[in-house]
Amino acid sequence: MRFLIDFFPIALFVGAYKLADIYTATGVLMVATLVQTAIIYAIDRKLQTLQKVTLVLVLVFGALTLALHDERFIKWKPTVLYASMAIVLAAALWVWKKNFLQILLGSQLSLPPAVWSRLTAVWIAYFLFMAGINAYVAAFYSTEDWVNFKLWGYIFPVLFIVGQGIYIARHLKSDGSTGTGS
């Protein structure tokens, strides 16, 4: 269910682009992201920081795209989001000695500190990869290709989540307590 909630703004964006244009698709994305955020809030009674940041960036970059009639804003929004998340996680971990990933998810998942550090480093690398690949496609490919990438590029987060799940599972005992391996 959560996957569908996360995926539907992208699906609606791509559908609107195919039926109309990038500007219609941007408006649809803005509304779909507002609806998505409301659904998540209705289910969880709270929003994670990433959900709030995503909503703000979609609305700001979407508004700039529509107001200035310039598709570059919406195309570069994912790069800004991913790069920002990488910078925040890296600065927190290596400068402020805080593990934001552990702070955000630690109440749901008990893992050794070394595993949290490795997971955070992997998230930083993932966010940098996603920022880089979006920047490359946005800069060097057509809008049509970029929109197709947004749809088919959804495989990257799916693979990341599966890989992360496999890694985390190795560190959990069957009773739900933390394993000692690294």
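Numbering of residues begins from 1 in every chain and follows the order in which that chain's sequence is written. Residue-level local features of this predicted model are given only where pLDDT is at least 70; pairs of side-chain atoms are given and counted only at 80 or more, and the full residue set underlies all totals for whole chains, interfaces and linings. Only hydrogens and water are removed before side-chain values are computed, so all heavy atoms of the structure are retained for them.

Undergrad: How should the packing of aromatic side chains be read in this particular structure?
TA: Two aromatic rings are characterised by how far apart their centres lie and by the angle between their planes. What counts as a ring pair is set by centres within 6.5 Å for rings of Phe, Tyr and Trp (its six-membered ring), and what kind of pair is set by the plane angle: stacked under 30 degrees, edge-to-face over 60, tilted for all other angles. Scanning the model with the defined rule gives twelve aromatic pairs in all. An angle of 75° between the planes, with centres 6.4 Å apart, marks the rings of Y82 and Y126 as edge-to-face. Within this pair, whereas Y82 is found in helix α4 (residues 72–95), its partner Y126 is found in helix α6 (residues 113–140), the two being separated by 44 residues in sequence. When sorted by exposure, Y82 lands in the same class as Y126, which is buried. Aromatic pair Y136 and Y141: ring centres 5.8 Å apart, planes at 65°, arrangement edge-to-face. In this text, helices come from DSSP runs of H or I with a minimum length of four residues, and strands from runs of E with a minimum of two, each type numbered from the N-terminal end. For the exposure calls, accessible area comes from a 1.4 Å probe over protein chains only, and a residue counts as buried if that area is under 20% of its type's maximum, exposed if over 50%, partly exposed in between.

Undergrad: Help me out: how do you make sense of a nonpolar patch on the surface in this one?
TA: Here the term patch refers to residues with relative accessible area over 30% and no salt bridge, with like charges joined within 9 Å and nonpolar side chains (Val, Leu, Ile, Met, Phe, Trp, Tyr) within 5 Å. We get accessible surface area from the Shrake-Rupley algorithm with a probe of 1.4 Å; when it comes to residues, only the shown protein chains can shield them. Throughout this description, the term salt bridge denotes a Lys or Arg side-chain nitrogen within 4 Å of a carboxyl oxygen of Asp or Glu. A grouping of V88, W94, V95, W96, F100 and I103 is seen on the molecular surface, where their side chains present a nonpolar patch of about 640 Å² in accessible area. When contributions to the nonpolar patch are tallied by element, the ones reaching two or more residues are α4 and α5 (100–105). In terms of residues, the nonpolar patch owes the most to one element, α4, which gives three residues.

Undergrad: What is the right way to read the nonpolar core from this model?
TA: Grouped burial of nonpolar side chains is what soluble globular proteins tend to show. L111, L119, W123 and F127 are the most contacted members of the largest nonpolar core, which totals 22 residues. Those elements that provide at least two residues to this core are α3 (49–68), α4, α6 and α8 (155–169). Of all the elements, α6 adds the most residues to this core, at nine residues. Note on contacts: a residue pair qualifies if any of its non-hydrogen atoms lie within 4.5 Å across the two residues. Not counting chain neighbours up to four residues away, the residues in contact with W123 comprise L89, L101, F160 and Q164. F13, A25, F149 and Y154 belong to the second-largest nonpolar core, a separate cluster that totals 18 residues. The definition of a nonpolar core used throughout is a set of buried Ala, Val, Leu, Ile, Met, Phe, Trp, Tyr and Cys residues joined through side-chain atoms within 4.5 Å.

Undergrad: Sorry if this is basic, but what is going on with helix α2 (residues 22–44) here?
TA: Residues spaced three or four apart along an α-helix point in a common direction, a consequence of the helix completing one turn every 3.6 residues. Here the expected span of a helix is defined as 1.5 Å times the quantity of residues minus one. Over its 23 residues, α2 extends 32 Å from the first C-alpha to the last, a length consistent with the 33 Å expected when each residue adds 1.5 Å. Within α2, burial applies to I22, Y23, A25, T26, L29, M30, A32, T33, Q36, T37 and I40. By the criterion applied in these results, polar contacts are pairs of N or O atoms within 3.5 Å in which, for protein atoms, one can donate a hydrogen and the other can accept it, and in which residues neighboring in sequence qualify only through two side-chain atoms. The distance from a side-chain oxygen at the start of α2 to the backbone nitrogen of Y23 is 3.1 Å, and the residue carrying that oxygen is D21. Within two residues after α2, R45 carries a phi angle of roughly 65°, on the positive side.

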